There are 2 protein chains.
Amino acid sequence: MQQKRIAILGSTGSIGRNTLEVIDDLGSGWRIVGLAAGSRSEALARQARKYEPSHVAIADNSRFEHLRGALAGDITVLNGERGLVDLVEKSDCDCVVAAIVGTAGLPATLRAVELGKTIAVANKEILVTAGAIIMPLAKRTGARLIPIDSEHSAIYQVLHAGRRNEVRKVYLTASGGPFRTATIEEIHNATLDDALNHPTWSMGPKITIDSATMMNKALEIVEAKWLFDLAPDQIEVVVHPESIIHSLVEFCDGSLVAQLGTPDMRTPIQYALTYPERRPCRSTPLDLVGIGQMNFFAPDFEKFPALRLGYEAARRGGTAGAVLNAANEAAVELFRRGDIRFGEIAELTARVLDRHELVAEPTLEQLLAADRQARDEVSQCVFC
Amino acid sequence: MQQKRIAILGSTGSIGRNTLEVIDDLGSGWRIVGLAAGSRSEALARQARKYEPSHVAIADNSRFEHLRGALAGDITVLNGERGLVDLVEKSDCDCVVAAIVGTAGLPATLRAVELGKTIAVANKEILVTAGAIIMPLAKRTGARLIPIDSEHSAIYQVLHAGRRNEVRKVYLTASGGPFRTATIEEIHNATLDDALNHPTWSMGPKITIDSATMMNKALEIVEAKWLFDLAPDQIEVVVHPESIIHSLVEFCDGSLVAQLGTPDMRTPIQYALTYPERRPCRSTPLDLVGIGQMNFFAPDFEKFPALRLGYEAARRGGTAGAVLNAANEAAVELFRRGDIRFGEIAELTARVLDRHELVAEPTLEQLLAADRQARDEVSQCVFC
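Residues numbered from 1 in each chain as written. Chains lettered and ligands numbered in written order. Predicted model: local features only at pLDDT ≥ 70, side-chain atom pairs only at ≥ 80, totals over all residues. Heavy atoms only, no water.

Notes on the pairing of strand S4 (residues 76-79) of chain A
Residues and elements named next belong to chain A. Here strand S3 (residues 55-58) pairs with S4 via 4 bridges, running parallel. What sits directly across from Ala57, in S4, is Leu78. With respect to chirality, the unit in which S3 leads through helix H3 (residues 64-70) into the neighbouring parallel S4 is right-handed. (Pairing = 2+ DSSP bridges. Helix = DSSP H or I, 4+ residues; strand = E, 2+ residues; numbered from the N terminus. Right-handed = clockwise from strand over helix to strand, strands pointing away.)

Concerning the relation of the copies chain B and chain A
Its rotation angle being 180 degrees, the transformation that places chain B on chain A also includes 0.0 Å of axial translation and leaves an RMSD of 0.0 Å. The superposition of one copy onto the other is thereby described by a two-fold rotation axis. (Least-squares fit on C-alpha atoms with pLDDT ≥ 70 in both.)

A closer look at the pairing of strand S2 (residues 30-37) of chain A
All names here are of chain A. In terms of residue burial, S2 counts as a mostly covered element, since 7 of its 8 residues are buried. As judged from the 6 bridges shared by strand S1 (residues 4-9) and S2, these two strands associate in the parallel manner. Directly across from Ile8, in S2, lies its bridge partner Leu35. One crossover worth recording links S1 to the parallel S2 by way of helix H1 (residues 14-26), and it is right-handed. Relative to S3, S2 is paired through 4 bridges, and the arrangement is parallel. For Ala36, the partnering residue across the bridge sits in S3 and is Ala57. Handedness of the crossover is the feature at issue here: the chain leaves S2, passes through helix H2 (residues 41-51), returns alongside S3, and the resulting connection is right-handed. (Buried < 20%, exposed > 50% of the residue type's maximum accessible area, 1.4 Å probe, protein only.)

A few points about the side chain of Thr109(A)
Relative to the helices and strands, Thr109(A) is located in helix H5 (residues 106-114). If near-sequence neighbours (up to four positions away) are discounted, Thr109(A) is found in contact with Leu9(A), Ala98(A), Ile119(A) and Ile126(A). (Contact = heavy atoms within 4.5 Å.)

Re the environment of Ile146(B)
Residues and elements named next belong to chain B. Positionally, Ile146 belongs in strand S7 (residues 144-147). Each C-alpha atom of the pair Ile146 and Ala272 lies 5.7 Å from the other, and the pair is 126 residues apart in sequence. With residues up to four places along the chain from it excluded, the contact list for Ile146 reads Thr118, Ile119, Ala120, Val121, Tyr156, Ala272 and Tyr275.

Some words on the interface of chain B and chain A
Facing 43 residues of chain B, the contacting portion of chain A comprises 43 residues. Between chain B and chain A, a total of about 3,600 Å² is buried, with carbon and sulfur atoms accounting for 55% of that surface. The largest contributions to the chain B side of the interface with chain A come from Asp253(B), Arg278(B) and Phe296(B), which together make up 20% of the buried area. Joining chain B to chain A, the criterion identifies 2 salt bridges. When the shortest N-O distance is used, the salt bridge between Arg278(A) and Asp253(B) registers 2.9 Å. Our count for the chain B to chain A interface comes out at 23 residue pairs in polar contact (both at pLDDT 80 or more). Sorting elements by how many residues they give to the side of chain B that touches chain A places strand S11 (residues 256-260) of chain B first, with 5 residues. Taken together, the 5 bridges between strand S11 (residues 256-260) of chain A and S11(B) define a ladder with antiparallel strand orientation. Residue pairing across strands places Val257(A) opposite Gln259(B), the latter belonging to S11(B). (Buried area = accessible area lost by both parts, 1.4 Å probe. Salt bridge = Lys/Arg side-chain N within 4 Å of Asp/Glu carboxyl O. Polar contact = N/O pair within 3.5 Å; in protein donor to acceptor, adjacent residues only side chain to side chain.)

Any functional reading would require information beyond the geometric quantities listed.
In structure tokens:
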């Protein structure tokens, strides 16, 4: 087998570090040729000394000199947004792991799509924000997008049990977050500590809050729409507190096919790296009998109004996903600072999304402008 | 698309009738070219008049004249074991649905395998009894065996989510039958009515009793071993009373993939007929939220000693499956007649299987001899 050459955008974050662990275990068939981070230059330098990629890049220009000083002469050190794009172009990678949080990694990911590479998509924002550009582009260049999100990885895996035109529906499972059994009032006034207390997955604060509002599922609806070319009414959310079934596909003959596993990101990361093969993985095997029980509930759109926004953005397409994502990010930031109540995250986001003037087939500039404007409007809304 | 030409061995039974319904719904792409039954000549004649196959066959020679009298001259009417074989040979079918209960359909099914046809396997006995002959033969001729059993159909479907050498384990789900929560004593002394009271599936009496002893799962272990080329320790049974997950495959990377559905035989029947495509099916869609809960338990080998026999027969291979199947069939018959207690079904079968002298690579004659001998021994055991 030919060696697979991997570049990781976001190598010092949680997904990036897990990806390196997976590659350690996979052995000599996979090689790191590029590593990029936002601002953690020390961690990046340590990784670069261990994996000896040909290229490294740091988005934060102020950390460039530090990084360059910390590395020997063999490694090309790049910086800024342009540096990430150059890393994708010049490292001769086969597969780009897109794991930089936010829109900072978007131009580099787009470049990878243009170049027809395989992209392991760990960062929801990429497709939620720029699905309208990325998917038609990938179709033209033959770039393959393999999701790392556990739900979308599940769907990607089980789609192999049928053909694309045989898919009737997709069920995204949702843990329901910490407020699954709370009342509307309790949710509206929830504190930051309440929101950060997630029952099954251990993740960063932004994602954990998105799980509490169920905005994560709203973003996943948009992601699924783009990734699998689905109509919004083909996507259903089912609350499954045990998070064992990662998602399901219903085929036209009435068969449902589901992927199940323990909540371990290494399995979907590795699947994206080894696809179309599977390799032994260190993840804890699932013990169905030990789990004993799985439960399923309908999602409550009144308690979790964010969900509606996901369908809304999926239905509108174009710039709507960028607005949903950016407005929510800004609103979550306000909540974390104590400026708004928990219930206002979805309210503010809804207000901004509802008044957004859609661009159906946007350019990257128009997407980024929609993103900026949404953030501005959230700040204006809260102070008006 | 080219028309698929179907022959049904066992067209007047439950699977046969469901197959005809499925073909009615599928429309013009599928055509019945052969129909065969055991002894129900009137039902067979009615079917033949409706579907106008080129060939019909009746296994029971005493019903031959009746059948021939009931049908017009265009349809070739065959009879006896040889008649079933001729039907497979002469009807120019692409796909044989093997649904004749017992070993009566075995020579005809073997002929279909020899001729490299697609065989939709509805009858467990075929592979349990003759897997040692059928699978190597199918490998040589390129015959494709697609199971209709809901568990094996599930496995067949989800195997497409990976490669064969990536399978770590297969989980056969079991409803647990009517005695799942009963004590050993209650099970041992269960009445025929108790045993026929199955919680989820509505099936014939023999299969329902097999479900109560869990011998059905034992037979499925043997079937899975042959069909999917698995070692016995790659096959696990998990009790899942709701029977929603029809079975699961665990891949080497820790991912489990499962097929789920309502308990409707039409889905696996149709899958076998349309494979590798899927077509819309009239089966009731699964409502996960309506179901609400799924439970999983370890099987109890003390309460259900039949399970051990499945592993034993799978481990030994050769003629062992034929003995397991035949001894069980004879013991179930004795139980239905009131000659033995419920608990003695597995006991008698175990005794016969334990003393059987294995033929590792049997001929069809040796398999049928082992089958006959096992039945004789069951009768001898009970009267000694």
